[in-house]
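# Notes for the structure review
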Amino acid sequence: MKDCIKNIKGTKDVSFEESYIWHYIENYINSFFQRYGYSEVRTPTFENTELFIRSIGGDTDIVSKEMYSWIDQGKNTLTLRPEFTASIARYFIQNQLHKKNPMHKIYYVGSSFRRERPQKGRLREFKQFGIEAIGSQFPEQDAEIIAMAYNFYQELGISNLKLELNSIGSKESRAEYRSVLKTYLQKYKNDLSETSKKRLEINPLRILDTKIDFEKDIIKNAPKIIDYLNKDDKKYFSSTLDLLDSIKVPYSVNDYLVRGLDYYSQTVFEIQSNLLGSQNALCGGGRYDYLIEELGGKSTPAIGFAAGLERLILAIDIDNILKIVPDIYMISIGDDAIQHSFKIAHQLRENKKLNIVNDSLRRNMKAQMKDANRLQAKYVIIIGEEEIASNQFIVKNMNSGDQKKLSIDKVIEHFK
Ligand code: HAM
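The notes below deal with the structure included here. This structure is a prediction, so every number in the text was calculated from the model and none was measured. (Residues numbered from 1 in each chain as written. Predicted model: local features only at pLDDT ≥ 70, side-chain atom pairs only at ≥ 80, totals over all residues. Heavy atoms only, no water.)

## What to know about the sheet that holds strand β2 (residues 46-48)
Our working rule: What makes two strands pair is DSSP finding at least two bridges between them. Labels follow the DSSP assignment, with helices taken as runs of H or I lasting at least four residues and strands as runs of E lasting at least two, numbered in each case from the N terminus. All axes are obtained by fitting lines to C-alpha atoms, using only the stretch in contact for helices, and the reported angles, taken between N-to-C directions, cover 0 to 180 degrees.
Read across the open sheet, the three strands follow the order β2-β4-β3; overall the sheet is antiparallel. The sheet is open, and its two borders are formed by β2 and β3 (69-71), each paired with just one other strand. Neighbour to neighbour, the strand axes of the sheet diverge by 35° on average, direction disregarded. Pairing of β2 with strand β4 (residues 77-80), which is carried by three bridges, proceeds in the antiparallel orientation. For asparagine 48, the partnering residue across the bridge sits in β4 and is leucine 78.

## A word on the pattern of salt bridges
To be explicit about the condition: Should a side-chain nitrogen of Lys or Arg be within 4 Å of a carboxyl oxygen of Asp or Glu, the pair is scored as a salt bridge. For the exposure calls, accessible area comes from a 1.4 Å probe over protein chains only, and a residue counts as buried if that area is under 20% of its type's maximum, exposed if over 50%, partly exposed in between.
Enumeration over the complete set of coordinates arrives at 24 salt bridges. Ionic pairing is found between aspartate 61 and arginine 199, a salt bridge with its closest N-O pair at 3.0 Å. Of this pair, aspartate 61 sits in helix α3 (residues 61-66) while arginine 199 sits in helix α8 (residues 194-202); the two residues are 138 residues apart in sequence, bridging distant segments of the chain. The exposure class of aspartate 61 is partly exposed, given its relative accessible area of 23%. Given a relative accessible area of 17%, arginine 199 falls into the buried group. In this structure, glutamate 201 and lysine 189 form a salt bridge, with 3.9 Å as the shortest nitrogen-oxygen distance. Linking glutamate 201 in helix α8 with lysine 189 in the loop between α7 (171-186) and α8, this pair joins segments that are twelve residues apart in sequence. Taking the relative accessible area as the measure of exposure, lysine 189 reaches 31% and is therefore partly exposed. Within this structure, Asp359, Arg363, Asp371 and Arg374 form a network of salt bridges that share partners.

## With respect to the site of the ligand
As a reminder of what qualifies: Neighbouring residues are identified by heavy atoms, a residue being near a molecule or strand if any of them is within 4 Å of it. Under the rule applied, a polar contact is a pair of N or O atoms within 3.5 Å (in protein, one hydrogen donor and one hydrogen acceptor; residues adjacent in sequence only if both atoms are side-chain atoms). For the accessible areas, the method is Shrake-Rupley and the probe is 1.4 Å, while residue cover comes only from the protein chains on display. The classification used treats Ala, Val, Leu, Ile, Met, Phe, Trp, Tyr, Cys and Pro as nonpolar, Asp, Glu, Lys and Arg as charged, and all other residues, Gly among them, as polar.
Lining the immediate environment of the ligand, one finds 28 residues, of which Glu83, Thr85, Glu116, Leu123 and Tyr264 sit closest. Take glutamate 132: an N or O atom from its side chain is 2.9 Å from a nitrogen atom of the ligand. Note that a nitrogen atom of the ligand is positioned 3.5 Å from one of the backbone N or O atoms of phenylalanine 305. Look at the ligand: alone it shows 670 Å² of surface, and the protein chains cover 95% of it. Secondary structure elements with two or more residues in the shell around the ligand: β6 (125-134), β10 (281-287) and β11 (302-308). With six residues, the single largest contributor to the shell around the ligand is β10. Among the residues forming the shell around the ligand, the class breakdown is 13 nonpolar, eight polar and seven charged.

As structure tokens, this is what we get:
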């Protein structure tokens, strides 16, 4: 092991033992989002760095210290995507999708990269999935997205979900609130952490979601954004909440939820689970009505959310997920049997539902049987010289222990 090259810190292999869980969840993601009329889009893993700077914001943690960026041989400055919203907006603008349809409902699944400090539920390469609804400026779209996020986890049986929402208003409401908040925080400037001191000048709203206890005490009495929303913003937010009430999605309004990406306006939300430990955000999202225009597209309202797959796996009850096991394990003893087994497996595979494992190590009978047990195979078919000569093959049910001898035609028939 001395000179063995290891995986990079903060990245993860998905092992054979775990892959069935990933398949289960990836299948669930596809079917769940498609049920709501969303279609998948796949964008490249890397983009021009400028796309993320302009979307997420230069002063955010992601852009200022977490991006994997490099200059390639052609002197292009490139970045591994730290999230998908920017790429989806780029895709939307580049393909002039607004001309094709007034509404686009998109979902995505793939790796994202952030150079954060790795810990449970926090990786440097993680799988993100999410949805973006581009085109609607109405609260029913907000309510649909939030309800989808909530139902997504609920249907998977994850309990103790905490859905928090807030409105950070339109640009105008936020500008007024920003100056009131700044004045309030100025009084405590000397007590703030170095990071918050910097944020006070650039983006004081970010101090609201501080994780530091003494700053939380300061925030407790800070002015609330809800009191500075204009009439339209307030009406918009309450219509969204009414719709959620009408389908009994439980939520709480967190006056200080702001989220760490610059493109948001109006509704923002997060779902947490106490099963996760300190990295407790299962997903987060919000409205981003100005992003597409700011990236050079036609002004188009949009809202979405994204979630981490590894965090979902930490919260899910794995025992409820059916493990994929072989239906049949072919055991072959002797040279002739190898050829027969190869052919019979081929014939059996015409039934595309069957999962069949053929031994390829020429092991003895005992070792093959042990392997079939290890894989929890439902049946074994035993093929030896005697079985070939008599055209009677042993089919053994590994659960009940029952076994019968069948001719080759009957074996095929049996598994049809
Ligand atoms: P975000 O809150 O930065 O939002 O990330 C969304 C989710 O990705 C988090 O709630 C978490 O589950 C997962 N996640 C983030 N960083 C890591 C990490 N280092 N390791 C594991 N999981 C992680 C966004 O990315 C926005 N694009 C969401 C959005 C979509 N807003 C509108 N549309």
